[in-house]
Amino acid sequence: MKFSHAMWVASAFSALSAVLTASTRPDPQKNNATPKSAAYPAPRWPSYLKKPKSVEEILPHARDLVRNKAGFGGNSPGLGLGLLQPGEEVMIVTDTTAEDFVVEALLKALAERGVQAHIVPNYTLVGVSKEDAEQIRLKTEIRSAEEGFMEAKYYWTERVFAHPEVPKEWLKQKNPDLYSSLYPSRDEMTPELLSEWKKLSNESVGAAIRDYLQKNSKIKGVYWGHPGGAFYARTMSPLESKYLGRCSFTNSWEVVSQVSSFPADLWQLIEKKAIAVVTPDVDKVEVTDPEGTNVTWDVSEEMAKRWVRGIYWRGHLLMYPDSATGQYGQDFDNYPKNFPEWIDRSPSAKANGVIAGTNGSGGFWPRMEIHLKDGKITEVKGGGRYGDVIREFQNYPHINDTTYPHYDHPGYWNLWEVALGTNPKYFRNPTDFYGGGTAGVYCLTYERYRSGAFHWGLGNELGHAPGSLGTPKKWKEFAEKLNLPDGHDFHIQNYFITYKVHLRTSGKWVTIVDRGHLASLDDSDVRTLAAKYGDPDKLLAEDWIPDIPGINVAGSYKEYARDPWKYANGRMQKILAGDFRFEALQK
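Nothing here was measured: the structure is a model prediction, and the numbers come from that model.

(A) The overall build of the protein, seen in detail. When helices and strands are counted, the protein shows 21 helices and 18 strands. Relative to the compact-globule value of 25 Å for 587 residues, the protein shows a C-alpha radius of gyration of 23 Å, a close match. Overall size of the protein, expressed as C-alpha extent along the three principal axes, is 60 × 60 × 55 Å. Counting over 587 residues, the protein shows a buried share of 62%. Residue pairs in contact within the protein that sit at least 24 positions apart in sequence constitute 74% of those at least 6 positions apart. Of the roughly 21,800 Å² of accessible surface on the protein, a fraction of 50% belongs to carbon and sulfur atoms.

(B) Seen up close, the side chain of Thr96. Within the fold, Thr96 resides in the loop between β1 (89–93) and α3 (100–112). For Thr96, a relative accessible area of 16% translates into the label buried. Here Glu134 takes part through its side chain, which lies 2.6 Å from a polar atom of the side chain of Thr96. Apart from the residues within four sequence positions on either side, Thr96 is in contact with Tyr123, Lys130, Ala133, Glu134 and Arg137.

(C) Quick look at the sheet that holds strand β14 (residues 454–458). Strand order in the open sheet formed by four strands is β7-β13-β14-β15, and the pairing between neighbours is antiparallel. Looking at which strands have only one partner, the edges of the open sheet turn out to be β7 (317–318) and β15 (489–494). Bridge analysis of strand β13 (residues 415–420) against β14 gives five bridges, and the strand direction is antiparallel. If you follow Ala419 over to β14, its bridge partner there is His455.

(D) Expanded view of the pairing of β13. Within β13, six of the six residues are buried, which leaves the element mostly enclosed by the surrounding structure. Where β7 and β13 come together, two bridges link them in antiparallel fashion. Counterpart to Leu318 in the pairing with β13 is Ala419.

(E) Examining the packing of aromatic side chains more closely. Summed over the entire model, instances satisfying the criterion amount to 42 aromatic pairs. Arranged with centres 6.4 Å apart and planes meeting at 80°, the rings of Trp224 and Tyr243 form a pair that is edge-to-face. Separated by 19 residues along the polypeptide, Trp224 in strand β3 (residues 219–224) and Tyr243 in strand β4 (residues 243–245) bring together distant segments of the chain. Taken as a pair, Trp224 and Tyr243 share a single burial class, namely buried. Considering the side-chain rings of Phe364 and Trp565, the 6.3 Å spacing of their centres and the 55° angle between planes classify their relative orientation as tilted. Here Phe364 is found in strand β11 (residues 364–373), whereas its partner Trp565 is found in helix α21 (residues 564–576), with 201 residues between them in sequence. Here Phe364 and Trp565 have matching classes, each one buried.

(F) Looking closely at a negative patch on the surface. Together, Glu56, Glu57, Asp100 and Glu104 line one region of the surface with negative charge. Mapped onto the negative patch, the elements with two or more residues apiece are α2 (55–67) and α3. Mapped onto the elements of the fold, Glu57 is located in helix α2.

(G) Main features of the pairing of strand β2 (residues 116–119). Inspection of the sheet shows β1 paired to β2 by four bridges, in the parallel sense. Counted as the bridge partner of Glu89 is Gln116 from β2. With α3 bridging β1 and its parallel neighbour β2, the resulting β-α-β unit is right-handed.

(H) Representation of the nonpolar core in the model. Trp297, Trp307, Met319, Ile370, Trp456, Tyr499 and Ile512 are the most contacted members of the largest nonpolar core, which totals 153 residues. If one sorts the elements of this core by residue count, helix α12 (residues 264–275) sits on top with seven residues. Formed by 25 residues, the second largest nonpolar core is a distinct cluster that contains Val126, Leu193, Val222 and Tyr243.

Rules used throughout
- Residues numbered from 1 in each chain as written.
- Predicted model: local features only at pLDDT ≥ 70, side-chain atom pairs only at ≥ 80, totals over all residues.
- Heavy atoms only, no water.
- Helix = DSSP H or I, 4+ residues; strand = E, 2+ residues; numbered from the N terminus.
- Rg over C-alpha atoms; globule rule 2.2 N^0.38 Å.
- Buried < 20%, exposed > 50% of the residue type's maximum accessible area, 1.4 Å probe, protein only.
- Contact = heavy atoms within 4.5 Å.
- Areas by Shrake-Rupley, 256 points an atom, 1.4 Å probe, with all protein chains shown as cover.
- Polar contact = N/O pair within 3.5 Å; in protein donor to acceptor, adjacent residues only side chain to side chain.
- Pairing = 2+ DSSP bridges.
- Phe/Tyr/Trp six-rings, centres within 6.5 Å; stacked < 30°, edge-to-face > 60°.
- Patch = residues over 30% accessible without salt bridge, like charges linked within 9 Å, V, L, I, M, F, W, Y side chains within 5 Å.
- Salt bridge = Lys/Arg side-chain N within 4 Å of Asp/Glu carboxyl O.
- Lys, Arg positive; Asp, Glu negative; His and termini not counted.
- Charge placed at Lys NZ, Arg CZ, Asp CG, Glu CD.
- Right-handed = clockwise from strand over helix to strand, strands pointing away.
- Core = buried A, V, L, I, M, F, W, Y, C linked by side-chain atoms within 4.5 Å.

What follows is the structure, given as structure tokens:
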């Protein structure tokens, strides 16, 4: 990067714990007592949130949003609407989940700044009716976080395979009962509706956006897509530079949250301090969590250099070398521009240990463990039907003996993604929790951008091919030819991670995240900047922390982990009723 990580290491150390002493990680299966107050942060919810019902109610928040230079919705790129200048035009591509009064408020707030917005729904761009688009959405996205296992269908088999009918038929023959649970009759589509769905693919919509921009050359760029989705820009090739960020700001919960007003320069400094700790001097990483996650990997100096080049995605830092490679990294100092050098994937990282949790981007499932050896999945325990899909597809034809392009070993089932959220104001969005579609396929994506939250993903994926910022065609063609997946999936989210790196020169451990708290929030420079906007304690506090029995509230983790949806749904119902007390719920 153009700024030197080394320049920031000294200042980062002043706020981060330089040396960690060994500690005993609690056994989540035995942890039934009330935790000590200092062990893990207490649960909380942003009780200031009140769902607006009119343009007048939401307009003040919309004004904050359109003046904010910070990207919104997580993932990169993400340029704030506040960067638009008077007299400029912008394209905003909505979908059927957009709330009309929110869009009206945004239009009014942008017009007050002298910015003209072209609001064009994705279905209109590709000639699909709104009614058909909504019907398709209901048949191709998770209905609520209760059905977390459906991520295996709605994203993986349906969107990661070029020919979904091939893995579907294979699964139907291997495990008819599992197939039936993933493909209920409610999701069946007529041939005509299937044809309309193809028109709504990212590739199809991206091409239509490109055509619209070419016909309207005055438009500066476009906001399009859901948080959690990746690589929207490359579908617009060669107009990737006109992609400005996600369109997640048409949901009222998100607009009234403090994310919409969180200062851009403060957010960027938080991220700068966090990634400053990952330098070519890092030679080992350890990651632990009270739900049972315990993963380590070694880092060579050459690997660390590649990792450093690709670590930065705004709001979604890439904390594992494989996530950060196989792409053109983003230049922090000239964001969202990419560095000119492609980052090789190999040699890849070799993580060892266990990833454990009770929910992913899609929703909840019984506790699952993913066992890793040298970066590859060796065993999957639990997870209900979600785990069943992985177990079945561990034996899918050629998925273990085929070497993907740019990999130094055969097989698909790798740890690919370890991503870190960086903004303390993100929260569990009630709309998506109940399948409202703001986050696209998923139900729990929005919350993973909260500072200190971690997001794991399994499989293989390539961001860019050498020589192009567009879709990696040879990679896609390789997977299509063998009927293999061309992207990752199967996410697990952890909220109380301790993530630390070891420095080869000094032999010291440095903590980047401590029990779910991003250490750079406590940096003296960060707090000084925050004080310019208000009380740093309030501004830098995490707005939302989930309650998990046996970890940060009284109760049995073992009982919670059998049916986490039941507990989480009970909590959300209380929150929506205005009850923000966080005593453990009765099972």
